[in-house]
Amino acid sequence: MTQVDLRSPETALAPEVSPTACLRLGVLISGRGSNLQAILDSIARDVLPARVVAVASNHAGVLGLDRAERAGVPWYVFSREAYPSRRARDEAMAEFLRYHEIDLVVLAGYDRVLAPAVIASFHDRIINVHPSLLPAFGGTLHAAAEALRYGVKVSGCTVHFVTDDLDAGPIILQRAVPVRDDDTEVTLAARILAEEHKALPEAIRLLAEGRVRLEGRRARIIPARTD
Ligand code: GRF
């Protein structure tokens with residue numbers, strides 16, 4: 001199959017790609033999978049021209065895998081113990097994604113850094129959702145707790161391209177939430193998560209419609225066509 005080039009301006013504007021392109025998604029998870037569910041729900045509501053064609057997890061028995069199973073999506077567990085090294089595990093996972101002819105890899109609550117070789121082989125075709133307004137509170141699995149500890153008044157989530165620099169790739173979009181005086185890590189993380197569930201499908205939609213143009217480290221959003 002022809003792979004959709006997500007960053008070429010020509011492709012971005014080509015009528016055969018937008019708006020009917022159906023992006024083939026490979027989703028990487030580590031746990032609950034509520035972001036995976038948000039993607040599946042958006043597709044089911046017909047507001048996201050994409051298909052989740054494979055799900056990979058680095059942990060067995062997690063709720064996200066039940067969600068994949070329920071949606072009839074092929075899934076596989078790549079646990080660290082089953083491979084001689086992290087790189088070998090990541091390469092097996094990349095092979096699985098290639099076998100399913102993935103256009104876009106979505107890290108949806110995936111709690112490990114991918115091997116550089118894998119990031120290179122899916123160049124500009126991996127995105128991640130992070131529960132903070134990057135570049136604040138990147139590189140941590142406890143972004144809400146750190147935001148509270150620091151005392152920021154606004155937090156949120158970021159969807160960005162994945163590069164070798166952790167949580168530092170070009171930003172596709174961000175959504176902000178207020179931080180309240182009585183927030184705990186749990187209440188703030190829940191408020192941020194609700195925004196992730198909107199931001200991640202929205203970012204995928206922009207990519208599916210060929211409306212994200214990378215210029216250096218800036219990802220510009222091309223306005224929707226009106227004709
Ligand atoms: C999300 O907050 C995500 O940003 C972070 O881990 C959480 C995963 O949630 N990396 P879920 O597994 O999608 O429910």
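Our structure's up above, just so we're on the same page.
These notes cover the structure that comes with them. (Residues numbered from 1 in each chain as written. Predicted model: local features only at pLDDT ≥ 70, side-chain atom pairs only at ≥ 80, totals over all residues. Heavy atoms only, no water.)

Details of the overall build of the protein chain
Spelled out, the test is: The helix and strand labels rest on DSSP assignments: H or I over at least four residues marks a helix, E over at least two residues marks a strand, and numbering proceeds from the N terminus. Computation of the radius of gyration draws on C-alpha atoms, with the globule rule given as 2.2 Å multiplied by the number of residues to the power 0.38. The cut-offs for exposure are 20% and 50% of the maximum accessible area for each residue type, with area from a 1.4 Å probe on protein chains only; residues under the lower value are buried, those over the upper are exposed, and the others partly exposed. Throughout, a contact is declared for two residues whenever any of their heavy atoms are within 4.5 Å. Residue exposure ignores everything except the shown protein chains as possible cover, and the areas themselves are Shrake-Rupley values with a 1.4 Å probe. Charged residues are defined narrowly, with Lys and Arg counted positive, Asp and Glu counted negative, and His plus the chain ends left uncounted. To locate a charge, take atom NZ for lysine, CZ for arginine, CG for aspartate or CD for glutamate.
Each helix and strand in the protein chain was counted, giving seven helices and nine strands. Compactness check: the protein chain gives a C-alpha radius of gyration of 17 Å against a globular reference of 17 Å for 227 residues, within 12% of the reference. Each principal axis of the C-alpha distribution contributes one length, and for the protein chain these read about 50 × 50 × 35 Å. Taking all 227 residues of the protein chain together, 51% fall into the buried category. Considering only contacts within the protein chain whose residues lie at least 6 apart along the sequence, 63% involve residues at least 24 apart. Summed over all atoms, the accessible surface of the protein chain reaches about 11100 Å², with 53% contributed by carbon and sulfur. Here the protein chain carries 27 positive and 29 negative side-chain charges, and the mean point of each set is 2 Å from the other.

Details of the packing of aromatic side chains
Going by this rule: When the centres of two rings from Phe, Tyr and Trp lie within 6.5 Å, Trp using its six-membered ring, the rings pair. Their planes under 30 degrees apart give stacked, over 60 give edge-to-face, and anything left gives tilted.
Inspection of the entire model under this criterion finds five aromatic pairs. Note on Y76 and F78: the rings are 4.8 Å apart at their centroids and 55° apart in plane angle, and the pair reads as tilted. On the basis of relative accessible area, F78 is assigned to the buried category, the value being 3%. These aromatic residues form a ring-pair network of at least three members: Y76, F78, Y83 and F96.

Things to note about the site of the ligand
Spelled out, the test is: The near set for a molecule or strand comprises every residue that places at least one heavy atom within 4 Å of it. In protein, a polar contact requires one atom able to donate a hydrogen and another able to accept it; more generally it is a pair of N or O atoms within 3.5 Å, and residues adjacent in sequence count only if both atoms are side-chain atoms. We call Asp, Glu, Lys and Arg charged. Ala, Val, Leu, Ile, Met, Phe, Trp, Tyr, Cys and Pro are nonpolar, and the rest, Gly among them, are polar.
Lining the immediate environment of the ligand, one finds R32, G33, S34, N35, G109, V129, P131, L193 and E196. The contact in question runs from an oxygen atom of the ligand to an N or O atom on the side chain of R32, over 2.6 Å. Separating an oxygen atom of the ligand from a backbone N or O atom of G33 is a distance of 2.9 Å. Relative to its unbound accessible area of 370 Å², the ligand is 83% covered by the protein chains. Contributing elements (two or more residues each) for the shell around the ligand: α2 (34-44) and α7 (185-208). Of the residues assigned to the shell around the ligand, the class counts are three nonpolar, four polar and two charged.

Thoughts on α2
Taken across its 11 residues, α2 has nine buried, putting it largely inside the fold. Restricting attention to buried positions, one finds in α2 the residues S34, N35, L36, Q37, A38, I39, L40, S42 and I43. Buried residues belonging to α2 abut β1 (23-29), β2 (50-57), α3 (63-70), β4 (104-107), β5 (126-130) and α7. Positioned one or two residues after α2, D46 has a phi angle of 70°, which is positive.

Section: the packing of α2 against α7
Pairs of packed helices are described in terms of their axes, by the angle between the two and the distance that separates them. Operational definition: Every angle, taken between N-to-C directions, lies between 0 and 180 degrees, and every axis is a line fitted to C-alpha atoms, over only the stretch in contact when it is a helix. Angles below 35 degrees are treated as roughly parallel, those above 145 as roughly antiparallel, those between 65 and 115 as roughly perpendicular, and all remaining angles as oblique. Left-handed describes a crossing whose near helix is turned anticlockwise from the far helix through less than a right angle; right-handed describes the clockwise counterpart.
For the pair α2 and α7, interaxial distance at closest approach is 9 Å and the crossing angle is 50°. Classed by the angle they form, the pair α2 and α7 counts as oblique. Crossing handedness for the pair α2 and α7: right-handed. Contacts from S34, N35, A38, I39 and S42 in α2 reach L193, E196, H197, L200, P201 and I204 in α7. In terms of residue class, the contact of α2 with α7 is built from six nonpolar, four polar and one charged.

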